[in-house]
Amino acid sequence: MPLNIEKQMKAQLSDDILNALKLCSQTADEHDFKIYLIGGIVRDLILKRKSIDIDITVEGDAIKFCHILAQKDCCKIIQVQNDLKTAKAVFNGGVEIDFASTRQEFYPHRGHLPVVVKIGCSLQEDVYRRDFTINALAMSLNKKNYGDVIDYTGGIKDLNNKKIRVLHNNSFNEDPSRILRALKFAARFNFQRDKHTKALQEKYINTQMHDDISWTRIKSELKQCFSLNSAKVYDMFVANENYKLIYGQKPEIKGLEIKTLIDKYNPYHVWLVYLGTILSNKKIIEHFCFTRSEKKIFTDIEYLVNNHLSMMNSNYDVYKFFEKKSTESILVYYLLTQRKEALKYLENLSLIRVELKGDEIKALGIENGREIGRILKEILKKKLNGSIINKNDEIEFVRNKIK
Ligand code: CTP
């Protein structure tokens, strides 16, 4: 008897989702389609965990199926991708569902994105293109066997044994980002890679050149892993030598140290503080196609590390060194060098500002622009060393100057 998870669905999914799935189910039966919940959502239902994405796979043409649903006013199609024959639709209550046609894929180049060789294949052929057994589970949505789990690869057993297992020996060669996916799932569910999967991963990391991997996928998985802000993920990333994938250096830093700093200083790009301690190869940084603000973090780290001052004599030196640098880069600099000035800047000096504006100094009687600039700098220095505290002190200072 197959495992049936209809009860779990009722317990875990909202009424809006259950209604949307029922509409899909009825339409599939009426029009002779076989449709399944697939991947993460089935895994999460069995694990009794909350799932975010709802993926349905249609044995056949998912776009055609969606059009039938839309004609019956069950949903609105909001996205269609013709080459892969996938579609996204929104149902009552804002429930979004991704529909994919079953497909077989082939990797023409190691590590690159796959090309589709067949659309509308059998479910069994479809699941074998996937990453791990725990993600290759499907659940029938047709009335006859609604809720039955279809397990071609031993995924249920692996879920019970808390194992992450690839489907074939070539899995990491085809898609090395799966190494990071394994890390993500291991941390999220407290699972272990099975022995063979671990050996394949080590072999890939230690024997392959990784220049030609899909950096888009690697970036996306790194972002997901490190955005968890988990000391354990970082420590596992280092212990499993995952940094070799991105030509990173082995850090001598513990995940907990990074997490503690992040929790205290709240940087916006959490994941880049973790990554910044590992990634320094300029050529590889280019591969990531970072956004402008992400790129600035790496430029700042490079600047701070290369212009590392052996002596920072005054608060003003410290202020000038870190001024306009991103919080993320200052944290990475601290982690790499243990220079306490970095934290002094974030905690204290970065908050200090000269309150007087140029115009106000002019109104006090100083006309010359250069002179105003010099005075602003002097006030800043005095504020940084504590001899000037507030705006009144600043005014007093300017008046004394004039005298
Ligand atoms: N998948 C894969 N190889 C990848 C990415 C995805 O085989 N590199 C497959 C897996 O079957 C996965 C499904 O596509 O379950 C959907 O991918 P994704 O949404 O990234 O993963 P989820 O398993 O749903 O994980 P999450 O809970 O993090 O969304």
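Reading the values: the criteria
- Residues numbered from 1 in each chain as written.
- Predicted model: local features only at pLDDT ≥ 70, side-chain atom pairs only at ≥ 80, totals over all residues.
- Heavy atoms only, no water.
- Pairing = 2+ DSSP bridges.
- Helix = DSSP H or I, 4+ residues; strand = E, 2+ residues; numbered from the N terminus.
- Near = heavy atom within 4 Å.
- Polar contact = N/O pair within 3.5 Å; in protein donor to acceptor, adjacent residues only side chain to side chain.
- Areas by Shrake-Rupley, 256 points an atom, 1.4 Å probe, with all protein chains shown as cover.
- 1 Å grid on protein atoms, 1.4 Å probe; cavity = no way out; pocket = protein on both sides within 12 Å on 5 of 7 lines; lining within 4 Å.
- Sits in = over half its atoms within 2 Å of the grid points.
- Nonpolar A, V, L, I, M, F, W, Y, C, P; charged D, E, K, R; others polar.
- Domains from an automatic or database assignment.
- Salt bridge = Lys/Arg side-chain N within 4 Å of Asp/Glu carboxyl O.
- Buried < 20%, exposed > 50% of the residue type's maximum accessible area, 1.4 Å probe, protein only.
- Patch = residues over 30% accessible without salt bridge, like charges linked within 9 Å, V, L, I, M, F, W, Y side chains within 5 Å.
- Axes fitted to C-alpha atoms, helices over the stretch in contact; angles between N-to-C directions.
- Parallel < 35°, antiparallel > 145°, perpendicular 65-115°, else oblique.
- Left-handed = near helix turned anticlockwise from the far one by under 90°.
- Contact = heavy atoms within 4.5 Å.
- Phe/Tyr/Trp six-rings, centres within 6.5 Å; stacked < 30°, edge-to-face > 60°.
- Lys NZ or Arg CZ within 6 Å of the ring centre and 35° of its normal.
- Disulfide = S-S within 2.5 Å.

**Student:** Could you give me a rundown of the pairing of strand β2 (residues 55–59), with the residues and numbers involved?
**Tutor:** Sheet topology places strand β1 (residues 34–38) next to β2; four bridges connect them, and they run antiparallel. Pairing of Lys34 across the sheet is with Glu59, part of β2. As paired strands, β2 and strand β5 (residues 96–101) are joined by four bridges and run parallel to one another. Across the sheet, the residue bridging to Asp55 is Asp98, located in β5.

**Student:** Residues and numbers for the site of the ligand, please.
**Tutor:** Taken together, 15 residues lie near the ligand, and Arg43, Asp131, Asn135, Asp175 and Arg188 sit nearest. In the model, an oxygen atom of the ligand is placed 2.9 Å from a nitrogen or oxygen of the Arg43 side chain. Note that an oxygen atom of the ligand is positioned 2.7 Å from one of the backbone N or O atoms of Asp131. For the ligand, the protein covers 76% of the area, taking 570 Å² as the surface of the free molecule. The cavity that encloses the ligand is the largest pocket. Within the residue set of the shell around the ligand, elements represented by two or more residues are α3 (40–46) and α8 (177–189). In terms of residue class, the shell around the ligand is built from one nonpolar, four polar and ten charged. Of the residues that make up the shell around the ligand, three or more belong to each of domain 1 (6–161) and domain 2 (174–350).

**Student:** Describe in detail the pattern of salt bridges, supporting the description with residues and values.
**Tutor:** If you walk through the whole model with that rule in mind, you get 32 salt bridges. Between Glu105 and Arg103 there is a salt bridge, with the nearest N and O atoms lying 2.8 Å from each other. The exposure class assigned to Arg103 is buried, which follows from its relative accessible area of 12%. Lys391 serves as the salt-bridge partner of Glu360, at 2.8 Å between the closest nitrogen and oxygen. Here the residue Glu360 occupies a position in helix α19 (residues 358–364), and Lys391 occupies one in helix α21 (residues 391–402), the gap between them amounting to 31 residues. It is possible to trace a salt-bridge network through shared partners that takes in Arg103, Glu105, Asp126, Arg129 and Arg130.

**Student:** Quick rundown of a nonpolar patch on the surface? Include the residues and the values.
**Tutor:** On the surface, a cluster of nonpolar side chains totalling about 270 Å² of accessible area is made up of Phe106, Val115 and Val117. By relative accessible area, Phe106 is classed as partly exposed at 45%.

**Student:** How would you sum up the packing of helix α16 (residues 315–322) against helix α20 (residues 369–385)? Please name residues and give values.
**Tutor:** Direction vectors running N to C along α16 and α20 enclose 110°, while the axes themselves pass 8 Å from each other. Judged by the angle between their axes, α16 and α20 are roughly perpendicular. α20 is crossed by α16, and the crossing has right-handed handedness. Where α16 approaches α20, its residues Asn315, Tyr316 and Tyr319 are matched on the opposing element by Lys377, Leu380, Lys381, Leu384 and Asn385.

**Student:** Any details on the sheet that holds β5? Residues and values, ideally.
**Tutor:** Sheet architecture is open: seven strands sit in the order β3-β4-β5-β2-β1-β8-β9, paired in mixed fashion. Strands at the two margins of the open sheet, each flanked by one partner only, are β3 (75–81) and β9 (149–150). Strand direction decides the pairing type here: β1 and strand β8 (residues 138–140), joined by three bridges, are antiparallel. Bridge pairing links Leu37 to Met139 in β8. Contacting β1, β2, β4 (86–91) and β5, helix α2 (residues 15–30) runs over the sheet at an angle of about 155° to β1. Across the sheet, helix α4 (residues 62–71) touches β1, β2, β3, β4 and β5, and the angle it forms with β3 is around 160°.

**Student:** I'd like a rundown of the packing of aromatic side chains, residues and numbers included.
**Tutor:** This structure, assessed with the given rule, holds 20 aromatic pairs. Geometrically, the ring pair formed by Phe322 and Tyr333 is edge-to-face, given 5.6 Å between the ring centres and 65° between the ring planes. On the criterion of sequence distance, the pair formed by Phe322 in helix α16 and Tyr333 in helix α17 (residues 327–337) is long-range, its members being eleven residues apart. Overall, the relative accessible area of 0% leaves Tyr333 in the buried class. Ring pairing ties together the aromatic residues Tyr303, Tyr319, Phe321, Phe322, Tyr333 and Tyr345, which thus form one cluster. Directly above the ring of Tyr303 sits Lys325, whose terminal nitrogen or CZ lies 4.5 Å from the centroid.

**Student:** Requested: an account of the state of the cysteines, with residues and values cited.
**Tutor:** In this structure the tally under the stated criterion is zero disulfides. Here Cys225 stays unpaired: no disulfide links it, and the sulfur of Cys289, its closest cysteine neighbor, is 19 Å away.

**Student:** Please give an account of the pairing of β4 that cites residues and values.
**Tutor:** Most of β4 is tucked away: five of the six residues are buried. Looking at chain direction, β3 and β4 are connected through six bridges and run antiparallel. Residue pairing in the sheet places Val80 in a bridge with Ala87 of β4. One ladder, built from five bridges, connects β4 with β5; its direction is antiparallel. Counted as the bridge partner of Val90 is Glu96 from β5. Connecting the antiparallel pair β4 and β5 is a turn made up of four residues, with Gly93 showing a positive phi of about 75°.

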